Amino acid sequence: MSDLLDVDSRPAPESSEDSALAEYVAEVCRRLSAGLLRETGDDLRSVVAAEVRSVQWALEDPAALRDRVPVHPPRLDHRGRVRMFTNPVLSQRNPLAPPLTHVSDGDECEFRVTLPLQYQGPRNMLHGGYVGVLLDDVLWYAVRHASTGISFTRELTVTYERPVPLFEELRIVGRVVEAEGRKTFAEGEIVAGGQVCARATGLWIAPKPRRDGHGSAG
Ligand SMILES: CCCCCCCCCCCC(=O)SCCNC(=O)CCNC(=O)[C@H](O)C(C)(C)COP(=O)(O)OP(=O)(O)OC[C@H]1O[C@@H](n2cnc3c(N)ncnc32)[C@H](O)[C@@H]1OP(=O)(O)O
């Protein structure tokens, strides 16, 4: 993940081992979610027992996760407050996030992900609402990358051209089309197997400057 999403460079107010533990437990939660939706009977019990054992193992042997470098440890903001990266699409520490892998910035920002069962809408296809969530986040990121402050999504139009598949790698791409004052227009798409499955266009607006000259977001 790019430094763009770091709140500050000050050290995380918890040990690296604890940050690694939190991200590991989030991974276990993701596997458990998929297992609960996939398995029944004895297989379900085996999956649950195996994942509970893996958390016990990580808790009982602090050295077990020594080689893992936390991706999103908590940070301190400029007022010294603890800031957790909670984003439900990108955060390694949030079990709700797949999370996406950041591939590149530049004229286009690109992320990749292979989505498991818990994101299913129609059989083997991504839920349409989550298609919008992915595009909102990646287009927001492209806007953030191209500008100095934080903007909020004002308008997002999604066109569903073909089903977005689960269980295969997706490319999610976003780019800025035009910037004018507080407004930034962006567009992007989700691509699977070389085919565009969904497109989005949208408008992001930076909050009005406060009287002290700062934006009101963040
Ligand atoms: C650090 C790590 C963090 C990491 C955090 C990672 C977060 C990722 C999040 C992904 C993105 C999100 O989900 S963001 C969350 C979802 N979005 C929201 O909750 C936003 C809710 N809406 C709002 O708060 C507000 O509407 C704002 C702030 C967006 C804008 O309010 P405002 O500032 O009062 O806007 P307003 O004056 O009406 O409009 C500004 C200008 O835009 C024009 N305008 C308005 N709408 C349109 C339109 N559809 N098309 C053209 N132009 C328009 C107006 O005419 C005006 O032009 P002119 O008169 O200036 O010419």
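Residues numbered from 1 in each chain as written. Predicted model: local features only at pLDDT ≥ 70, side-chain atom pairs only at ≥ 80, totals over all residues. Heavy atoms only, no water.

**Focus: helix α2 (residues 41–60)**
Compared with the 28 Å implied by 1.5 Å per residue over 20 residues, the 29 Å span of α2 between its first and last C-alpha is a close match. Residues Val47, Glu51, Ser54 and Ala58 constitute the buried set of α2. Buried residues along α2 cover an arc of 55° about the axis, so they all sit on one side. Exposed residues pointing more than 90 degrees away from the buried face of α2 are listed as Asp42, Arg45, Arg53, Leu59 and Glu60. At its buried positions, α2 is contacted by α1 (16–38). (Helix = DSSP H or I, 4+ residues; strand = E, 2+ residues; numbered from the N terminus. Expected span 1.5 Å × (residues − 1). Buried < 20%, exposed > 50% of the residue type's maximum accessible area, 1.4 Å probe, protein only. Arc of directions from axis to C-beta. Contact = heavy atoms within 4.5 Å.)

**Some words on α1**
Relative to the 33 Å expected for 23 residues at 1.5 Å per residue, α1 spans 33 Å between its end C-alpha atoms, a close match to the ideal helical length. For α1, the complete set of buried residues consists of Ser19, Ala20, Leu21, Ala22, Glu23, Tyr24, Ala26, Val28, Arg30, Ala34 and Gly35. On its buried face, α1 sits against α2.

**Considerations on the site of the ligand**
Not every one of the 14 residues close to the ligand is listed here, only the nearest: Asp136, Arg154, Glu155, Arg182 and Lys208. Within the contact set of the ligand, a nitrogen atom lies 3.1 Å away from a backbone nitrogen or oxygen of Thr153. One of the side-chain nitrogen or oxygen atoms of Arg154 is found 2.9 Å away from an oxygen atom of the ligand. Here the ligand, which alone exposes 1300 Å², has 55% of that area covered by the protein. Secondary structure elements with two or more residues in the shell around the ligand: α3 (128–146), β5 (152–160) and β8 (195–205). The element contributing the most residues to the shell around the ligand is β5, with four residues. Residue composition of the shell around the ligand, grouped by class: five nonpolar, two polar and seven charged. (Near = heavy atom within 4 Å. Polar contact = N/O pair within 3.5 Å; in protein donor to acceptor, adjacent residues only side chain to side chain. Areas by Shrake-Rupley, 256 points an atom, 1.4 Å probe, with all protein chains shown as cover. Nonpolar A, V, L, I, M, F, W, Y, C, P; charged D, E, K, R; others polar.)

**Some remarks on the UniProt feature "domain: Thioesterase" (unreviewed entry) in the protein chain**
As recorded in UniProt, the feature "domain: Thioesterase" (unreviewed entry) lies at residues 125–195. Summarising residues 125–195: 27% helix, 45% strand, and an end-to-end C-alpha distance of 15 Å. (UniProt positions renumbered as here; feature names shortened; annotations may be inferred.)

**Here we look at the domain arrangement of the protein chain**
The parts lose accessible area when they come together, and the size of an interface is often stated as this lost area. As far as domains go, the protein chain holds domain 1 (1–96) and domain 2 (100–205). Distance between the C-alpha centres of domain 1 and domain 2: 24 Å. Buried surface at the junction of domain 1 and domain 2, summed over both partners, amounts to about 1200 Å²; 65% is from carbon and sulfur atoms. At the junction of domain 1 with domain 2, the criterion picks out four residue pairs in polar contact (both at pLDDT 80 or more). For the side of domain 1 that touches domain 2, the class distribution of residues is nine nonpolar, three polar and two charged. (Domains from an automatic or database assignment. Buried area = accessible area lost by both parts, 1.4 Å probe.)

**A few points about the pairing of strand β6 (residues 169–180)**
Relative to β6, strand β4 (residues 109–114) runs antiparallel, the two being bridged by six bridges. Bridged to Val113 within β6 is Leu170. Pairing of β6 with strand β7 (residues 183–192), which is carried by 10 bridges, proceeds in the antiparallel orientation. Considered in β7, the bridge of Val173 is made with Glu189. Two successive antiparallel strands, β6 and β7, enclose a turn made up of two residues, where Gly181 displays a positive phi of approximately 60°. (Pairing = 2+ DSSP bridges.)

**Description of the nonpolar core**
Judged by nonpolar contacts, the single largest core of 31 residues is most densely connected at Leu100, Leu126 and Leu134. Only β4, α3, β6, β7 and β8 provide two or more residues apiece to this core. Per-element accounting of this core gives the leading share, 10 residues, to α3. Counting the residues that make up this core, at least three belong to each of domain 1 (1–96) and domain 2 (100–205). In this structure, Leu134 is in contact with Val89, Leu100, Leu115, Leu126, Ile172 and Ile190, ignoring residues within four places of it in sequence. Core analysis: the second largest hydrophobic core is formed by six residues, Ala20, Leu21, Tyr24 and Leu65 among them. (Core = buried A, V, L, I, M, F, W, Y, C linked by side-chain atoms within 4.5 Å.)

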